[in-house]
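# Geometric and topological summary
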Amino acid sequence: QLQFVESGGGLVQPGGSLRLSCVLSGGTLDPYAIGWFRQAPGKEHEAVSCISSNIGGSTGRAQYADSALGRFTVSRDDAKNTVYLQIDSLKPEETAVYYCLVTIPTVRNRCVMKKARGSWGQGTQVTVST
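Since we're looking at a predicted model, the values are computed, not measured. (Residues numbered from 1 in each chain as written. Predicted model: local features only at pLDDT ≥ 70, side-chain atom pairs only at ≥ 80, totals over all residues. Heavy atoms only, no water.)

Moving on, we come to the pattern of salt bridges. One pass over the full model with this rule turns up 4 salt bridges. In this structure, the salt-bridge partner of E46 is R38, at a minimum N-O distance of 2.9 Å. Among the residues examined, E46 registers a relative accessible area of 33% and is labelled partly exposed. Owing to a relative accessible area of 7%, R38 belongs among the buried residues under this scheme. The salt bridge partner of R38 is E94, with a shortest N-O separation of 3.6 Å. Within this pair, whereas R38 is found in strand β4 (residues 34–39), its partner E94 is found in the loop between β8 (82–87) and β9 (96–102), the two being separated by 56 residues in sequence. Shared partners join several salt bridges into a network, and the residues in it are R38, E46, R71 and E94. (Salt bridge = Lys/Arg side-chain N within 4 Å of Asp/Glu carboxyl O. Buried < 20%, exposed > 50% of the residue type's maximum accessible area, 1.4 Å probe, protein only. Helix = DSSP H or I, 4+ residues; strand = E, 2+ residues; numbered from the N terminus.)

This paragraph deals with the side chain of T95. Inspection of the secondary structure assignment puts T95 in the loop between β8 and β9. Within the local environment of T95, its side chain forms a polar contact with the backbone oxygen of P92, the two atoms lying 3.0 Å apart. Residues contacting T95, with those up to four places away along its chain left out, are A40, P41, Q125, V126, T127 and V128. (Polar contact = N/O pair within 3.5 Å; in protein donor to acceptor, adjacent residues only side chain to side chain. Contact = heavy atoms within 4.5 Å.)

The next thing to look at is the nonpolar core. Counting 27 residues, the largest nonpolar core has F4, L20, I34, W36, V83, L85 and Y98 as the members making the most contacts within it. Contributing elements (two or more residues each) for this core: β3 (18–25), β4, β5 (46–51), β7 (72–77), β8, β9 and β10 (124–128). Per-element tally for this core: the top contributor is β9, with 5 residues. Beyond its immediate chain neighbours, meaning those up to four positions away, I34 contacts F4, L29, S49, C50, I51, V83, C100, L101, V102 and T103. (Core = buried A, V, L, I, M, F, W, Y, C linked by side-chain atoms within 4.5 Å.)

Shown next as structure tokens:
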């Protein structure tokens, strides 16, 4: 019954920034660890980040793919049922559809960048081009 709606994508020049939003409906966000994933044309889905729940000692800890570290920032606002992904210094190869989904259970209070059971939603298109 959980549904995620991604937004905030668009066309941006290389080096530009975007802030993506992921709004959950059908439940409350707070118990879930959430991941951000992307799929470029012709490629597999790739995990870029995750953020743990604020419940159970995880305290909203974030993890990042090596390619994202230092440029991507994931955050959450459970009161708004929303997870954000701030992306800075975007690169053309990061053109993709970006998705958010619940991730598998945390390990030692760290989120894991693998999606749990569920289907990909619509995502939001990020295009990095001159």
